[in-house]
Every structure is written in C-alpha cells, then in structure tokens.
Amino acid sequence: MVEIIEEKCIGCGLCGQECPTKNLVVEDGKATVRGICMECGHCFAVCPAKAVCISDYPSDGIVEFGDEMPYVNGDDFLRFIKSRRSIRNYKEKPISKDTWVKVLEAGRFTATGANIQDVKYVVVQEGLETVKKYVWSGFSAMIDQMKKLQGETNPFVQKLQAMNNTYLSFPQNDPLFFNAPSLLVITSGSPLNGGLAASNIELMAHAEGLGVLFSGFIQRGLATSDEACGYLGVNKTEICACMLMGYPDVKYQRSVPRKATDIQWK
C-alpha cells in the first residue's frame, strides 16, 4: 500500500494530480492517502521529495531520472526494431541465469491493465527435453482433433502431419524447437498483459545478443497436453506466449521489406 512519509512531504500536490484513482489529496500541507489504491506507483515516481513509499514491494530495480529522462533516439530505436528477426538457428550455448534475470526484468516493468501485475514466467532449460516430448504428444493430439473437424486432406492438416512425421523419423531435425536451448512460457489472465510483456522481453533479449522465436505451434501443443501443463505448473487457458530463446547461429545483413502501413486518418 501507498504510505506518505510526512516529515519529507512538501505538500506540492503532484502526487494527487498524477493519481488515476484520486486516492491522494493534500490536507494541512501534507499528502494524505484515502480511498482505493491500485498501487500504480505514479505518486512514487513523481514525488520530488521522495516522500512516498509503497510497502510490500521490493525496492530493487528503481532508477533515478532527475530532471532528464533517459530517452532513446527514435531513429536508432526504429533501426534496432528493424534489425530483429525470428531465429530458427541457434548455437549450442546455454543462457546464464543472470542474463535471464536481466531479460525478464523488461517484462517485470511492462505495463499491465489496472496495474494487476499478473504476468508469470516459466523458464525451461534443464527440463527442456521432457517438455519437448509432452509438447510433441500434445501436437499430435491436436492434429488428430483437426483431422476430425477439417478432414485428413486439408492442406494445413497435411502440413502439420508432415511436421510430426519429420520429428518421428528424424528427431534431431526438430521442426518445432529448432534445437533452441531454452523455452520461455508466459502466462497471464489477460492476453494483452502477457503479449505486452513478451514484446518487451523479445526486444531486451535482442539487446542482449539473444534470438527469439514466438511459436504458436508449441503454444497449441502445450495447451493440448495436460502432462505438459502439469509439469510446468501452468493453466492452459492462460498461456499467452511460448518463446524459443538462445544465441543465434546466423547473421543477417539487412532488414526486410514489409507491406505499407495500413493507416486511416480521421
């Protein structure tokens, strides 16, 4: 909860102006907490006197800006975004725990609706081979379900069956996991919250020299396997993203063409 350190408060009222729930007012020259608080932290971030604290939250990761915000040059940032690619070739090099913690920090500080902070992460490295077997089993079951609904001659069903056959015949040429050393599973009660975190995590991973592949196939195979969900401790209805991650074994020379942006100006 939000608490005001009265001896530090200068009564400027900035906290109340920034509070989205109007939970803070200035009374007798001091900020006062009243009403329902969503613990968004705006008051904490804006207070020039450091008179606000949010109890029950860890204090690590706080960055002081002062009067100069650390803005990134827009042209450089856009160039960075254009340089990312979906990676399907990985080096046989594990990701250290320190690097994982740094990458996931980008998810931790991503916005969530109503500041619910409900996004959770499962990093799979040591147990990856176990998860692969579960996911492939779920993937096969998913194909069987699609055959019943769409028929065995459906082109997409045939494509998935070919992938499954490849894995069964040559598991070393895994067309789902691409020999990536790690899998990140992101869950949330809100697809938007999980998706926003996943996007920031991918950019942070790219900044750390890592490559990422968002895999809808792994996500569907995982959600179809009760064994996989049980092993990972996730709710199948809350899986927002499955991201393969590792050090790329490929170097791209340029960005790629994209369709023109579809914009309506009103």
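Details of the structure are given in the entry above.
Note that the structure is a prediction, hence the values are computed from the model and not measured.

A. View of the packing of aromatic side chains. Inspection of the entire model under this criterion finds five aromatic pairs. An aromatic cluster is present here, built from Trp-136, Phe-139, Phe-156, Tyr-167 and Phe-217 joined pairwise through their rings. The positively charged end of Lys-93 is found above the aromatic ring belonging to Tyr-247, 4.2 Å away from the centroid.

B. Seen up close, the layout of surface pockets. Its volume calculated, the largest pocket comes out at about 2,000 Å³. Forming the boundary of the largest pocket are 47 residues, of which Gly-61, Ile-62, Val-63, Phe-65 and Phe-109 lie nearest the centre. Broken down by secondary-structure element, the contributors of at least two residues to the lining of the largest pocket are helix H2 (42-46), strand E4 (52-54), helix H3 (74-83), helix H4 (97-108) and helix H7 (191-207). By residue class, the composition of the lining of the largest pocket is 28 nonpolar, 11 polar and eight charged. Roughly 370 Å³ of internal volume is contained in the second largest pocket. Ser-83, Arg-84, Arg-85, His-206 and Tyr-252 are the residues nearest the centre of the second largest pocket, which is lined by 18 residues in total. Only H3, H7 and strand E7 (211-214) provide two or more residues apiece to the lining of the second largest pocket.

C. A look at the nonpolar core. Phe-139, Leu-176, Phe-177, Leu-183, Ile-218, Leu-222 and Leu-244 are the most contacted members of the largest nonpolar core, which totals 30 residues. No other element matches the eight residues that helix H5 (residues 128-150) contributes to this core. Not counting the four nearest positions on each side in its chain, Leu-176 is found in contact with Val-135, Trp-136, Phe-139, Met-163, Phe-217, Ile-218 and Leu-244. Core analysis: the next-biggest nonpolar cluster, separate from the first, contains 17 residues, Ala-197, Leu-210, Met-243 and Met-245 among them.

D. How the structure looks around the sheet that holds strand E8 (residues 239-246). Across the sheet, four strands lie side by side as E5-E6-E8-E7; this open sheet has antiparallel pairing. Since the sheet does not close on itself, it has two edges, and those belong to strand E5 (120-124) and E7, each with one partner. Within this sheet the neighbouring strands show an average axis-to-axis angle of 25 degrees, counted without direction.

E. Broad picture of the side chain of Asn-23. Turning to its location among the elements, Asn-23 is positioned in the loop between helix H1 (14-18) and strand E2 (24-27). You can call Asn-23 buried: its relative accessible area is 1%. A distance of 3.2 Å separates a polar side-chain atom of Asn-23 from the backbone nitrogen of Gly-35.

F. Structural context of the pattern of salt bridges. In this structure the tally under the stated criterion is eight salt bridges. Residue Arg-34 is joined to Glu-27 by a salt bridge in which the shortest nitrogen-to-oxygen separation is 2.2 Å. Under the relative-accessibility criterion, Glu-27 is labelled partly exposed at 32%.

G. The arrangement of H5 in detail. In this model, H5 (23 residues) spans 31 Å end to end at C-alpha, consistent with the 33 Å of a helix rising 1.5 Å per residue. Looking at the buried residues of H5, the elements they touch are E5, helix H6 (155-169), strand E6 (182-187), helix H8 (216-224) and helix H9 (226-232). Backbone geometry just after H5 places Gly-151 at a positive phi near 90 degrees.

The rules behind these values
- Residues numbered from 1 in each chain as written.
- Predicted model: local features only at pLDDT ≥ 70, side-chain atom pairs only at ≥ 80, totals over all residues.
- Heavy atoms only, no water.
- Phe/Tyr/Trp six-rings, centres within 6.5 Å; stacked < 30°, edge-to-face > 60°.
- Lys NZ or Arg CZ within 6 Å of the ring centre and 35° of its normal.
- 1 Å grid on protein atoms, 1.4 Å probe; cavity = no way out; pocket = protein on both sides within 12 Å on 5 of 7 lines; lining within 4 Å.
- Points joined across faces, edges and corners; volume = space filled by probe spheres on them.
- Helix = DSSP H or I, 4+ residues; strand = E, 2+ residues; numbered from the N terminus.
- Nonpolar A, V, L, I, M, F, W, Y, C, P; charged D, E, K, R; others polar.
- Core = buried A, V, L, I, M, F, W, Y, C linked by side-chain atoms within 4.5 Å.
- Buried < 20%, exposed > 50% of the residue type's maximum accessible area, 1.4 Å probe, protein only.
- Contact = heavy atoms within 4.5 Å.
- Pairing = 2+ DSSP bridges.
- Axes fitted to C-alpha atoms, helices over the stretch in contact; angles between N-to-C directions.
- Polar contact = N/O pair within 3.5 Å; in protein donor to acceptor, adjacent residues only side chain to side chain.
- Salt bridge = Lys/Arg side-chain N within 4 Å of Asp/Glu carboxyl O.
- Expected span 1.5 Å × (residues − 1).

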